[in-house]
Each structure stands twice: as structure tokens, then as C-alpha cells.
Amino acid sequence: MKRFLSISVFLIIFQPIIAQQNYVPTNENMEARQWFQEAKFGLFIHWGVYSVLGDGEWVMNNQNISIDDYEKLPSFFNPIDFDAEEWVKMAKDAGMKYITITSRHHDGFSMFDSQVTDYTIVKKTPYKKDILKPLAAACKKEGIKLFFYYSLLDWHDDNYFPRGRTGTKIPGRADGNWEEYIIFMKAQLTELLTNYGEIAGIWFDGHWDQKEWDGEKYGKVKVDWHYEEIYKLIHDLQPQCLIGNNHHLAPIEGEDFQMFERDLPGQNTTGWGTNASDVGELPMEVCETINGSWGFNLKDNKHKSEKELVQYIIRSAGYGSNLLLNVGPMPNGEIQLEHIKSLEKVGIWMRENGETIYKTTAGPVAPTDDMAFTRRGDTMYLHILNDTKELFFVENFKGKIKSMHLYKSKEKVNHKINEYGMFIEVPNNKKNQIDTIIEIILK
Ligand code: FHN
């Protein structure tokens, strides 16, 4: 049904971002932040009806699939091999401490039982079941925390109007009412935070869709996202629930963690990421794909090696950040075998070396291509990642060292510190292909 732009929408356009005013996190929230900061590794899951087409989660936009045609997709989505317990065990065995799953992505399809729309897995697919329910139960059973990804942007709902920068060529979209859209999101968030037990966090995405873009840089946000009300609603329903928003900006008041997409904090290698000056004080999370795609992509064989995955965990931890590593399950509910196997290998590494990652903070020197530091109290771990020289140099290292040895064998490591930094002697035959860990005890 065609709906018209209301006057109130005109009035709210061009308003600045208004965040949860004077937000004081509760004790539960502060404890949750601490847990999050220590957790270091989580599983990201992008799963929706788009998986049927095997062309990623942006397929609706990329192929300009009309609303009518896309609405046929749910009838092909019947994930009879989905086993929530298997997914959770896989994550746990990989050393992951939490799972973040797409409850609703940009295609606007709800993967849960929502009463405020008919466009849901329960009402529109032959599967007819809510997948978040068994996932929440399995997570609870295994002691894994659960976060819900929630898209702010929607290519399906007419009320997502004014339109954003993306999805503009999707045929069949009508004008709607922004305020109705906000009411809808609040109702869905209430469902997500009421019907699935304790939720560790809400992971927002899509803010950037409403930013002006001149082809080179982003400009003003065109709408009022009502963050103040939305963030307050979440914290009122579940005070411990951590709010993160993938807006690529400095944290907005009311948020509890900051995320970085395919980017180590402050690097902005993508060009559209977060600038170094916008890195805040909140716990951090870097997200990255296990191959090259978020949603299932049949032709994507860029599977990352064990070395790449483990080194990304280490580099993230070297910045004091978590890594949220993504898989895109197939439409039958299975995770690709290549990814299961890679996660098994990562799990073995984490069981042997997790002490140097979990519960650590960033080290004294920022990570480089060749190394990263992690630290817990007076113990520092130097992770040598890509070095073949026997004399390894850490520029700008300062600190008084009590002892230094190889993490595994406990063999003593010779070193020297001068005004330029620290020289460490590690014979090549003592080096590990993925990570040579040196334990340093400070005085
Ligand atoms: O558009 C999304 C994309 O599909 C995916 O969900 C990633 C995950 O960080 N975030 C958005 C792009 O910034």
C-alpha cells in the first residue's frame, strides 16, 4: 500500500543524532562490559532467506530483486538440517565465548517469531519455526552468551522512508512513515529482549545508509534514529545488555562497546571505517569474515587459513579488542565443512595458547605486521607473527624486565633494551609458523 510522507517526517529530517542522555551504565552493565572485554573471541552468524540464492546477504540490492520476487524466497527456505546445539558446540570448541546472530538483516526478513510483522520465518517459510529460540536455549546450556544483530536499515518495509543510499533500485517500494518504522523497531526489540532470556547485546547496523554521500565522503544523517528512546528501551528491559552500533563513528552516548568492521581499531583501511581519532574508551570488537562474505556465498572460496585466522585473533587482542568471526550458514542449516574444519584448528590453537589471549589487555606497543603484544598484570606476551630474523627488534619498547622465556618450552630468551627499543634473540628453529610466543615478566 502506498503511504505518504507525513509532515512530522519533514520536521525530523536534518536533526542531529540524539543519544541516550546522561547515560550511567548500571553495575550489571559494567560487569557485562568487563566480561566482554575479557572474552576476546565470538562467532558472528549471518543467516537469512538470502542464503537460498548463495550470493551473499546483499543480493536483493545487488541484483535489484523486486519486492514481489524477493517475497518468493522464504518459501524455499527450509533448513531441516539446522541444529542449534551443533552450532553452539562448534563455537565453544573453537574457543569462542559468545555468538552474535542476525535476527533481521537489511532485507527486512525476521528470523524470529515476531507479532508485529508477517514477514517472518514462522509465517512465511515451510520451516515455520523460530531459529532464535533453540539457539538461545543451546547457548544457555553451553554457557555461551548471545547477541542479536539488528538492522536499522530495511529494503522491504515501506515505512523505511525516507529511503537511504542503498536499495534505491529495488522495484516495488512505496513511500511510508518514518515514525511508524521507529515504533516497529521498538516493538521488535522489545520482543527480542523479552522472549529469549538474557541477551548479552544488541548489534545495530545500517546507520550509515541514512548519511549523505557525495561520492567521496559521508555527510549529515538525514533522519532521527531515535537512539535515545531505543537505547533507553533496551537498557530498561535488560540493563546488562550491551549496545553496539556499526556506525563507524566515535561511540554515541548510551552505547556500551565499539565495533570495527574488517578493520583493526583506528586503522580505517577500508576508507569508510572508523578514524583513529574516533576510537573511544569502550570495550572493542573487530568483525571479519571466515572467507570473503558475510552471508552464504556459493562461489566464495577465499577461505582464510588457520594462520590468517589465528593471527587476526592475536592482532585484535593486541589492540585490546575482541574478534567476532563470521560464518554464513547454508540454506539447509549447515555450516560449510571448510569453515567447520578451520574453526576446529583455531580451537586447538586456542586451547593451547588461550592463556595469552583471554582476559588480556593491549600491550605497551601497538601491533605491527610482524608482532602483537598482549598483557595481563605483570605478564606480557609478545607474539612474533611473521619474522625470520634471529634478532627481533621491538621499536619503542620501554619497561623493566624480570625474566623472558619462550611460552611453550620455558626456554630463556636473551634480550637487550636500549633507547631505541628492545632486541630479542630467538633462533629460527625455535620459531613457530603461526605465532612464536614469548612470555615476559615485568619487574
Ligand atoms: O551491510 C552490512 C553487511 O551486510 C554486514 O552485515 C556487515 C557486518 O559488519 N555490516 C554491514 C556493512 O557495514
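What counts, and where the lines are drawn
- Residues numbered from 1 in each chain as written.
- Predicted model: local features only at pLDDT ≥ 70, side-chain atom pairs only at ≥ 80, totals over all residues.
- Heavy atoms only, no water.
- Helix = DSSP H or I, 4+ residues; strand = E, 2+ residues; numbered from the N terminus.
- Rg over C-alpha atoms; globule rule 2.2 N^0.38 Å.
- Buried < 20%, exposed > 50% of the residue type's maximum accessible area, 1.4 Å probe, protein only.
- Contact = heavy atoms within 4.5 Å.
- Areas by Shrake-Rupley, 256 points an atom, 1.4 Å probe, with all protein chains shown as cover.
- Lys, Arg positive; Asp, Glu negative; His and termini not counted.
- Charge placed at Lys NZ, Arg CZ, Asp CG, Glu CD.
- Pairing = 2+ DSSP bridges.
- Salt bridge = Lys/Arg side-chain N within 4 Å of Asp/Glu carboxyl O.
- Core = buried A, V, L, I, M, F, W, Y, C linked by side-chain atoms within 4.5 Å.
- Right-handed = clockwise from strand over helix to strand, strands pointing away.
- Arc of directions from axis to C-beta.
- Axes fitted to C-alpha atoms, helices over the stretch in contact; angles between N-to-C directions.
- Near = heavy atom within 4 Å.
- Polar contact = N/O pair within 3.5 Å; in protein donor to acceptor, adjacent residues only side chain to side chain.
- Nonpolar A, V, L, I, M, F, W, Y, C, P; charged D, E, K, R; others polar.
- pLDDT = per-residue confidence, 0-100.

Along its length, the protein carries 11 helices and 18 strands. Taken over the C-alpha trace, the protein has a radius of gyration of 23 Å; the compact-globule value for 443 residues is 22 Å, and the two agree within 12%. Each of the three principal axes of the protein carries a C-alpha extent, and together these read 75 × 45 × 40 Å. Across the 443 residues in the protein, those meeting the buried criterion constitute 58%. Put simply, of all contacts in the protein between residues at least 6 apart along the chain, 72% involve residues at least 24 apart. Carbon and sulfur atoms make up 51% of the accessible area of the protein, which amounts to about 18800 Å² in all. Looking at the protein, you have 50 positive and 63 negative side-chain charges, and the mean spots of the two groups are 4 Å apart.

Read across the open sheet, the five strands follow the order S11-S12-S13-S18-S15; overall the sheet is antiparallel. Edge positions in the sheet fall to strand S11 (361-362) and strand S15 (401-406), since each has one partner strand and no second. The pairing of S11 with strand S12 (residues 371-376) spans two bridges and is classified as antiparallel. Note that in S12 the partner of Ala362 across the bridge is Thr374.

Turning our eyes to something else, we now look at the pattern of salt bridges. The tally for this structure, following the rule as stated, stands at 15 salt bridges. Two residues, Glu142 and Lys92, come together in a salt bridge whose shortest N-O distance is 3.1 Å. One end of the pair, Glu142, is in helix H7 (residues 132-142); the other, Lys92, is in helix H5 (residues 84-93), and 50 residues separate them in sequence. Note on Lys92: relative accessible area 36%, which makes it partly exposed. Put simply, Arg262 and Glu288 hold a salt bridge, and the shortest N to O gap is 3.1 Å. Taken as a pair, Arg262 in the loop between strand S8 (258-261) and strand S9 (284-289) and Glu288 in strand S9 lie far apart in primary sequence, 26 residues in all. Members of the salt-bridge network, linked through shared partners, are Glu85, Lys89 and Lys141.

Moving on, we get to the nonpolar core. Among the nonpolar cores identified, the biggest contains 96 residues, and Ile99, Ile202 and Phe204 are the most heavily contacted of them. The element contributing the most residues to this core is helix H8 (residues 178-192), with seven residues. Leave out the neighbours within four places in its chain, and Phe204 touches Tyr150, Leu152, Leu189, Ile230, Tyr231, Ile234, Ile243, Gly244, Asn245, Asn246 and Met259. Counting 19 residues, the second largest nonpolar core, distinct from the first, contains Val365, Leu382, Ile384 and Ile438.

Here the focus is the pairing of strand S10 (residues 321-327). Most of S10 is tucked away: seven of the seven residues are buried. Burial of S10 is two-sided: the residues Ser321, Leu323, Leu325 and Val327 facing one way and the residues Asn322, Leu324 and Asn326 facing the other way are all buried. In terms of strand pairing, strand S1 (residues 41-45) meets S10 through five bridges, oriented parallel. Directly across from Phe44, in S10, lies its bridge partner Asn326. Sheet topology note: the S9/S10 ladder contains six bridges and is parallel. Paired with Val286 across the two strands is Leu323, which belongs to S10. For the crossover from S9 across helix H10 (residues 306-318) to S10, the handedness is right-handed.

Of all the positions in helix H9 (residues 227-237), only Tyr227, Ile230, Tyr231, Ile234 and His235 are classed as buried. Looking straight down H9, one finds that the buried residues subtend no more than 125° of arc, so they occupy a single side. Taken together, the buried residues of H9 touch helix H2 (27-39), H8, strand S4 (201-205) and strand S7 (242-245).

The next point concerns the sheet that holds strand S17 (residues 421-425). What the three strands build is an open sheet, ordered S14-S17-S16; its pairing is antiparallel. A single partner strand is all that each edge strand has here, and the edge strands are strand S14 (391-395) and strand S16 (414-418). Strand-to-strand, the axes of this sheet are offset by a mean angle of 15°, without reference to chain direction. Both S16 and S17 contribute to a ladder of five bridges, which runs antiparallel. Considered in S17, the bridge of Asn414 is made with Glu425.

This part takes up the site of the ligand. Within the structure, the ligand sits among 14 residues, and His46, Glu57, His106, Asp205 and Glu261 are positioned closest to it. A distance of 2.4 Å separates an oxygen atom of the ligand from a polar side-chain atom of Glu57. Here an oxygen atom of the ligand sits 2.7 Å away from a polar atom, N or O, in the side chain of His106. Isolated, the ligand exposes 330 Å² of accessible area, and the fraction of that covered by the protein chains is 94%. Grouping the amino acids of the shell around the ligand by side-chain chemistry returns seven nonpolar, four polar and three charged.

Attention now moves to the confidence of the model for the protein. Overall, the predicted model of the protein reaches an average pLDDT of 94, with 96% of residues at or above 70. Scored below 50 in pLDDT, residues 1-15 shows 30 contacts in the model against residues more than four places distant or in partner chains.

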